[in-house]
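Chains, contacts and geometry: an overview
One-letter residues, chain by chain:
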Amino acid sequence: MREYDFEPVRGLPERLPPGEEMLWQGAPRWTSLARRAFHVRKIVVYFAVLEVLALAVDWSDGLSVASVLSSLTWMVLLAAVSIGALSLLAWAMARTTLYTITNRRVVMRIGVALPMIMNLPFKQVRSVDLKAYPDGTGDIPLLLAKSARPSYMIFWPHVKPWHFSPAQPMMRAIPDVAEVAKILAGALKDYAEEARQDNDDSVDASAQGGEPSLAS
């Protein structure tokens, strides 16, 4: 049995009900996720600075070339293991993550060891933001209704950094983020107009009923 064979529709907990249609599906770009969620680039710089400093100290202490190379080798190995582990985790998270936009909700399939599927109905979405990066990827955080209380720990790293109360679930490191944001904005606009129309129809139907007359 493969990892997500239980899904009736890829990335969804169940088949879409009548009237709901899928507009977009996508996953994070793992290289962008590694840089921005796991800060791999900063860690590379950190170890590079440490190695330069260690080299300068060893030379100033008059150590032999063999001792200097031995010290640097251990540091390079430690850097390789750390960066490799974080990169592997970013790849695994990108591989197991799938974001879905329908005309009714955003669905996030997240988690590596413990897969979860999170439904975010449009009726709970208060606002949507967009942060684009030069490589064409970007993030789309969603601010939910006050009644919704998403957990920062459960959603991480698919959550806006350092926003704990309220936490904001986020589609992260998405390729072609401008196009995805356009799709989501259009779906939210159509949903709001449809909800407004349904409300107006309900008001009209109530008004047409008139006030009850008093029996003589």
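Up top is the structure these notes are about.
Predicted model, so just to flag it, every value in this text is computed and none were measured. (Residues numbered from 1 in each chain as written. Predicted model: local features only at pLDDT ≥ 70, side-chain atom pairs only at ≥ 80, totals over all residues. Heavy atoms only, no water.)

**So, the packing of aromatic side chains**
To describe a pair of aromatic rings, you give the distance between the ring centres and the angle between the ring planes. Under the counting rule described, the total for this entry stands at 5 aromatic pairs. A ring pair is formed by Phe38 and Trp156, whose centres lie 5.6 Å apart and whose planes are at 80°; its orientation type is edge-to-face. Of this pair, Phe38 sits in the loop between helix 1 (30-36) and helix 2 (40-60) while Trp156 sits in the loop between helix 4 (152-155) and strand 8 (159-164); the two residues are 118 residues apart in sequence, bridging distant segments of the chain. Accessibility expressed as a relative area gives 8% for Phe38, which makes it buried. Ring geometry for Phe122 versus Tyr191: centroids 5.7 Å apart, planes at 80°, classification edge-to-face. Of this pair, Phe122 sits in the loop between strand 4 (116-121) and strand 5 (125-128) while Tyr191 is found in helix 5 (residues 177-208), placing the two residues 69 residues apart along the sequence. Accessibility expressed as a relative area gives 3% for Phe122, which makes it buried. The class for Tyr191 is partly exposed, based on a relative accessible area of 23%. (Phe/Tyr/Trp six-rings, centres within 6.5 Å; stacked < 30°, edge-to-face > 60°. Helix = DSSP H or I, 4+ residues; strand = E, 2+ residues; numbered from the N terminus. Buried < 20%, exposed > 50% of the residue type's maximum accessible area, 1.4 Å probe, protein only.)

**With respect to the layout of surface pockets**
Approximately 190 Å³ is the volume attributed to the second largest pocket. Lining the second largest pocket, in full, are Arg36, Ala37, His39, Lys42, Tyr152, Trp156, Pro161, Trp162, Phe164 and Arg172. Split into classes, the residues belonging to the lining of the second largest pocket amount to 6 nonpolar, 1 polar and 3 charged. (1 Å grid on protein atoms, 1.4 Å probe; cavity = no way out; pocket = protein on both sides within 12 Å on 5 of 7 lines; lining within 4 Å. Points joined across faces, edges and corners; volume = space filled by probe spheres on them. Nonpolar A, V, L, I, M, F, W, Y, C, P; charged D, E, K, R; others polar.)

**Observations concerning the pattern of salt bridges**
Evaluation of the coordinates by the stated rule reveals 5 salt bridges. For Glu20, the salt bridge is made with Arg105, and the minimal N-O distance between the two is 2.7 Å. Linking Glu20 in the segment before strand 1 (22-26) with Arg105 in strand 3 (residues 105-110), this pair joins segments that are 85 residues apart in sequence. We classify Arg105 as buried; its relative accessible area is 10%. The partner of Lys160 in a salt bridge is Asp129, with the nearest N and O atoms 4.0 Å apart. Taken together, the residues Lys160 in strand 8 and Asp129 in the loop between strand 5 and strand 6 (131-132) connect sequence positions 31 residues apart. (Salt bridge = Lys/Arg side-chain N within 4 Å of Asp/Glu carboxyl O.)

**Observations concerning the pairing of strand 4**
Direction of pairing for strand 3 relative to strand 4: antiparallel, over a ladder of 6 bridges. Residue Arg105 lies in a different strand from strand 4, and its bridge partner there is Pro121. In this structure, the hairpin formed by strand 3 and strand 4 is closed by a connection of 5 residues, where Gly111 is found at a positive phi of approximately 105°. (Pairing = 2+ DSSP bridges.)

**Things to note about the nonpolar core**
Core analysis: the biggest nonpolar cluster contains 26 residues, and Ile101, Val106, Met108, Ile140, Met171, Ile174 and Leu184 have the highest contact counts within it. For this core, the elements supplying multiple residues, two or more each, are strand 2 (98-102), strand 3, strand 4, strand 7 (138-144), helix 4, strand 9 (167-174) and helix 5. Beyond its immediate sequence surroundings of up to four residues, Ile140 is in contact with Val128, Asp129, Leu130, Pro169, Met170, Met171, Ile174, Val177, Val180, Ala181 and Leu184. (Core = buried A, V, L, I, M, F, W, Y, C linked by side-chain atoms within 4.5 Å. Contact = heavy atoms within 4.5 Å.)

**Considerations on the sheet that holds strand 1**
Within a sheet, adjacent strands bond to each other through the backbone by hydrogen bonds, running parallel or antiparallel. Taking strand neighbours across the sheet as the criterion, the 4 strands line up as 1-2-3-4 in an open arrangement whose pairing is antiparallel. Strand pairing shows two members of the sheet lacking a second neighbour, strand 1 and strand 4, which therefore form its edges. With strand direction ignored, the average angle separating the axes of adjacent strands in the sheet is 15°. Here strand 2 runs beside strand 3; their pairing, made up of 4 bridges, is antiparallel. When the bridges of strand 3 are listed, Thr100 appears paired with Val107. (Axes fitted to C-alpha atoms, helices over the stretch in contact; angles between N-to-C directions.)

In short, the description is geometric, and any link to function would need to be established separately.
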